[in-house]
Amino acid sequence: GGRGGGRGGMKGGAKVVVEPHRHAGIFVARGKEDALVTLNSTPGVAVYGEKRISVDGPPGADGSPGPKLEYRVWNPFRSKIAAAVLGGVDDIWIGPGSKVLYIGAAAGTSVSHVSDMVGPKGVVYAVEFSHRPGRDLINVAKSRTNVVPIIEDARHPLKYRMLVGMVDTVFADVAQPDQARIVALNSHYFLKNGGHSVIAIKASCIDSTAAPEAVFRREVSKLQSENFKPLEQLTLEPYERDHAVVISEYRPNKKKQSSQ
């Protein structure tokens, strides 16, 4: 185990088996304690001090052990997406090859895991307004070619329209009262029809006087008025309190529904 070995759980010496999760691009490390992990696209490098797990890759044709694969542990207390996955979300609409607009990227801790998930064929356009975490985000992007860091205000998507292509999924975690409007505005420019939005809503940031359930309901109806069709809503207990993730389809394809 060496460094940090005393904390139990994912020690190097312990036998750990890594299995694919039902969401493509995410894995589960089964050891003394199970952990959600992603395949590290920059082996040997931790992004924010997270634990890394090395396992032997598939054996070669002659039965010799394959090259080592390195996975990074994804902590649900630090990432809303990991919390949603462990909460049993039906589909997060992010996987190998996905193009994602990530609004509210902060220092890039979750972005780095999304970057692992989408892999070399995917892209993560990571928007963060605040300069201090933005510096860390740019450092994350230096070693991860599929991350495009954008230090801009997401309320003005036209400022970065030259950097962002059409995306499959918009993820937002900005903790701002006008989050629904920010998502709608960005989706209008960058989200393909039939694409999806995944939004982390912090009730107290939108209206600290109302009950969280009422806030979530109001946000969902704002999204509906902007051409989003809500698919599922999930609270992030026990990882975050009074948070929910709302997943919607954008401008759903009418033809598809009539044929079913």
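Look a little higher up for the structure.
What you see is a predicted model; the values in this text were computed from it and never measured. (Residues numbered from 1 in each chain as written. Predicted model: local features only at pLDDT ≥ 70, side-chain atom pairs only at ≥ 80, totals over all residues. Heavy atoms only, no water.)

**Student:** Can you walk me through the sheet that holds strand 9 (residues 167-172) in this structure?
**Tutor:** As a general point, the strands of a sheet are linked pairwise by backbone hydrogen bonds and lie either parallel or antiparallel. Reading across from one edge, 8-7-6-9-10-12-11 is the order of the seven strands in this open sheet, with mixed pairing throughout. The open sheet has two edge strands, strand 8 (147-150) and strand 11 (228-235), and neither has a second partner. Adjacent strand axes in the sheet meet at a mean angle of 15° when their direction is disregarded. Here five bridges tie strand 9 to strand 10 (residues 191-202), and the two strands are oriented parallel to one another. Looking at strand 10, one finds that alanine 172 is bridged to isoleucine 199. Sheet strands touched by helix 2 (residues 109-118): strand 6 (99-103), strand 7 (123-127) and strand 8. Its angle to strand 7, the strand with the most contacts, is close to 165°. (Pairing = 2+ DSSP bridges. Helix = DSSP H or I, 4+ residues; strand = E, 2+ residues; numbered from the N terminus. Axes fitted to C-alpha atoms, helices over the stretch in contact; angles between N-to-C directions. Contact = heavy atoms within 4.5 Å.)

**Student:** What should I look at first to understand helix 6 (residues 212-225) in this one?
**Tutor:** Every α-helix winds through 3.6 residues per turn, so residues three or four apart in the chain are directed the same way. With 14 residues, helix 6 should cover 20 Å at 1.5 Å per step; its first-to-last C-alpha distance of 20 Å lies within 8% of that length. Listed in full, the buried residues belonging to helix 6 are Pro212, Val215, Phe216, Glu219, Val220 and Leu223. Buried residues of helix 6 fall within an arc of 135° about the axis and therefore sit on the same side. Opposite the buried face of helix 6, by more than 90 degrees, sit the exposed residues Glu213, Arg217 and Ser225. Against helix 4 (179-190), strand 10, helix 5 (203-206), strand 11 and strand 12 (243-250) lie the buried residues of helix 6. (Expected span 1.5 Å × (residues − 1). Buried < 20%, exposed > 50% of the residue type's maximum accessible area, 1.4 Å probe, protein only. Arc of directions from axis to C-beta.)

**Student:** Help me out: how do you make sense of the side chain of serine 112 in this one?
**Tutor:** In this structure, serine 112 sits in helix 2. On the accessibility criterion, serine 112 (0% relative accessible area) is buried. At a separation of 3.0 Å, a polar atom in the side chain of serine 112 contacts the side chain of arginine 72. Excluding residues that lie within four positions of it along the chain, serine 112 makes contacts with Val47, Tyr48, Arg72, Val140 and Arg144. (Polar contact = N/O pair within 3.5 Å; in protein donor to acceptor, adjacent residues only side chain to side chain.)

**Student:** What's the story with the pairing of strand 5 (residues 68-73) in this structure? I'm lost.
**Tutor:** Side chains on a regular strand alternate between the two faces of the sheet. Alignment of strand 3 (residues 35-39) against strand 5, held across three bridges, turns out to be antiparallel. Bridging across to strand 5, valine 37 finds its partner in valine 73. Alignment of strand 4 (residues 52-56) against strand 5, held across five bridges, turns out to be antiparallel. In the sheet register, aspartate 56 faces strand 5, and the bridge partner there is lysine 68.

**Student:** Just to check I follow, could you spell out the environment of glutamate 219 for this structure?
**Tutor:** Secondary-structure assignment places glutamate 219 in helix 6. Once the C-alpha coordinates of glutamate 219 and aspartate 178 are considered, the two residues, 41 residues apart in sequence, prove to be 9.4 Å apart. Leaving out residues up to four positions away in the same chain, glutamate 219 has contacts with Ala180, Ile201 and Ile206. Of the polar contacts made by the side chain of glutamate 219, one reaches the side chain of lysine 222; its length is 2.6 Å.

**Student:** Even after reading the chapter, I still don't get the sheet that holds strand 4, so can you show me in this structure?
**Tutor:** Taken in spatial order, the five strands line up as 1-2-3-5-4 in an open sheet, and their pairing is antiparallel. The open sheet terminates on both sides in strands that have one partner only, identified here as strand 1 (17-20) and strand 4. In this sheet, adjacent strand axes meet at a mean angle of 40° when their direction is disregarded.

**Student:** Looking at this structure, how should I read the nonpolar core?
**Tutor:** The tendency in soluble globular proteins is for nonpolar side chains to be buried as a group. Membership of the largest hydrophobic core comes to 32 residues, with the highest contact counts inside it found for Trp74, Ile81, Tyr102, Val111 and Val114. Counting residues per element, the ones that place at least two in this core are helix 1 (80-86), strand 6, helix 2, strand 7, helix 3 (131-143), strand 10 and strand 12. Here this core takes five residues from helix 1, the largest share from any one element. With sequence-adjacent residues up to four places away left out, tyrosine 102 is seen in contact with Ile81, Ser110, Val111, Val114, Val124, Tyr125, Ala126, Val127 and Phe171. (Core = buried A, V, L, I, M, F, W, Y, C linked by side-chain atoms within 4.5 Å.)

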